[in-house]
Every structure is written in structure tokens, then in C-alpha cells.
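Listed below, chain by chain, are the residues.
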Amino acid sequence: MPSPPDDPDLLRVSCAALCRIMHQGRYLLVLNQQRRRRGRYVLAPVGGALALTEPEHLTAFGARLEDPAAADLRLYLPAGALAGFRAWFHSGQGRERSPFRELYEELVSETRLLPALSPGDVIAEPLRTVERREPTDRHGDAGPLTHYFLELYDVRFTSARILAALRDPAPDSGAVWLTPAQIAAGALRLVVDGVLCDVTVRASLLLG
């Protein structure tokens, strides 16, 4: 993973799409696979980084991608350019505007909860965009301060078959359905990879 730049005037910005998937008063969350591989267990909504489709839009803000080899909207930006970047982000120009790619990756490729998923199987309605600022732990325990743009979508499935497949996740899938009280508590103990572990829950924005 590329190292953070040395310039203290640059702000790290990360933009993601997150999915609110509900059934009978519970929410579907998944373990972050990157952190799971490092022995850290964090449950979060299905979703992930939005993709940049037209990189030329970032030139006006003096921004640079965290990883130029990837299309993820994770970048470093002069702090004074944040307002302009925010306006561009809300315009939706030159960037991904659907959570489908991440839905497919997490529900089919990673957790294998579903054998397949097509865009016609999903209804995704935008709910709101949440901004917050906190250190990232993608670079370790004390990563750079990051300004997050989190697009929240209400996701429903057009097929009862798909919902039935998601209803009882396999214990090793990394997926679990939690109640609002469990999400609000922020932590619980679950069996992960055959061991009872302390798990952090980061999904409070689903309850707002």
C-alpha cells in the first residue's frame, strides 16, 4: 500500500458507498476482509470505496490519488480545496454512483453468500451522504486523519430467492444480521474462524 505523503497540509479523503440491507428489523453486516486478515475483526455495512471514472476532474483541486494504479476515490487534497471537492462529489460527475459493484464483490466474491448477482436483482435508493473525520486504520493503528464521504443506500432485492440465500449466513462467511441494539452497543463477541473473538461494530449510521 502506498505510504502517506509527508506534506502536513494535505488532507486524506476517502469516498465510499454503503448499503442498508434490512430484514425483519435486523441489518446485514460483514467483516472487513482486509482487517480480518490482520487479526482485527470489524463488522460494517456492505460496501466500499467508490471508483473514479474520470480522473481529470481531480486536477482542479490539486488532488492526487492515494494509489494511482487503482480507481478508488481515496486521495490527498489541499485542505483549502475541500469545499470545491465536496461540490464536485455531490454533482456525481466523473465517479461511480451505484453500490452494485461492491455488493457483488462482498456478497458473491468474498462471502460467497450468493452464487450470482445481476443489476436487475437489486433496487438501490440513495438515502443520504454522511461526512465525518477520523484517523484511518488502513495504514496501521495510527493512520492519517481522513475526511470521509459516505453515501448510504437503501438496498432491496427483487427476488425472494436472493433474500432467502442471505437469511442464514454460514458461520465462516463473515456475514451476520444484527439488531439495532447490537449495532448501538458497538461491540460483541462472535466466533470467527473457529475462535471466539471480540468484534467491533461500525454501523451506527444505519440507525440515523
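A brief structural summary. (Residues numbered from 1 in each chain as written. Predicted model: local features only at pLDDT ≥ 70, side-chain atom pairs only at ≥ 80, totals over all residues. Heavy atoms only, no water.)

1. Topic: the overall build of the chain
Now for step 1: Within the chain, the secondary structure is distributed over five helices and eleven strands.
Now for step 2: Taken over C-alpha atoms, the radius of gyration comes to 17 Å for the chain, in line with the 17 Å a tight globule of 208 residues would show.
Now for step 3: Taken over the C-alpha atoms alone, the chain extends approximately 45 × 35 × 30 Å along its principal axes.
Now for step 4: With 208 residues in all, the chain has 47% of them scored as buried.
Now for step 5: Residue pairs in contact within the chain that sit at least 24 positions apart in sequence constitute 68% of those at least 6 positions apart. (Helix = DSSP H or I, 4+ residues; strand = E, 2+ residues; numbered from the N terminus. Rg over C-alpha atoms; globule rule 2.2 N^0.38 Å. Buried < 20%, exposed > 50% of the residue type's maximum accessible area, 1.4 Å probe, protein only. Contact = heavy atoms within 4.5 Å.)

2. Remarks on the pairing of strand E11 (residues 195-201)
Now for step 1: Two elements, strand E4 (residues 42-49) and E11, share two bridges in a ladder whose sense is parallel. When the sheet's bridge partners are listed, Leu-43 is paired in E11 with Val-201.
Now for step 2: With six bridges joining them, strand E10 (residues 187-192) and E11 adopt antiparallel strand pairing. Counted as the bridge partner of Arg-189 is Asp-198 from E11. (Pairing = 2+ DSSP bridges.)

3. As for the layout of surface pockets
Now for step 1: Space inside the largest pocket adds up to approximately 870 Å³.
Now for step 2: Among the elements of the structure, strand E1 (10-20), strand E3 (26-31), helix H1 (33-37), E4, helix H3 (100-110), strand E7 (122-135) and strand E8 (145-157) are those that each provide at least two residues to the lining of the largest pocket.
Now for step 3: Per-element accounting of the lining of the largest pocket gives the leading share, six residues, to E4.
Now for step 4: Looking at the lining of the largest pocket, its residues break down into twelve nonpolar, seven polar and 14 charged.
Now for step 5: Considering only enclosed or pocket space, the second largest pocket measures out at about 150 Å³ in volume.
Now for step 6: Around the second largest pocket, the lining comprises 14 residues; the ones closest to its centre are Pro-171, Ala-175, Val-176, Leu-190 and Val-191.
Now for step 7: For the lining of the second largest pocket, the elements supplying multiple residues, two or more each, are strand E9 (175-178) and E10.
Now for step 8: Residue classes in the lining of the second largest pocket are distributed as eleven nonpolar, two polar and one charged. (1 Å grid on protein atoms, 1.4 Å probe; cavity = no way out; pocket = protein on both sides within 12 Å on 5 of 7 lines; lining within 4 Å. Points joined across faces, edges and corners; volume = space filled by probe spheres on them. Nonpolar A, V, L, I, M, F, W, Y, C, P; charged D, E, K, R; others polar.)

4. Brief notes about empty space enclosed by the protein
Now for step 1: Overall, the coordinates contain one cavity of 30 Å³ or more when judged by the stated rule.
Now for step 2: Its boundaries defined by the atoms lining it, the largest cavity holds a volume of some 30 Å³.
Now for step 3: Taken together, Ala-17, Gly-48, Ala-49, Leu-50, Glu-96, Ser-98, Pro-99, Arg-101 and Glu-102 form the lining of the largest cavity.
Now for step 4: A breakdown of the residues in the lining of the largest cavity according to their chemical character gives four nonpolar, two polar and three charged.

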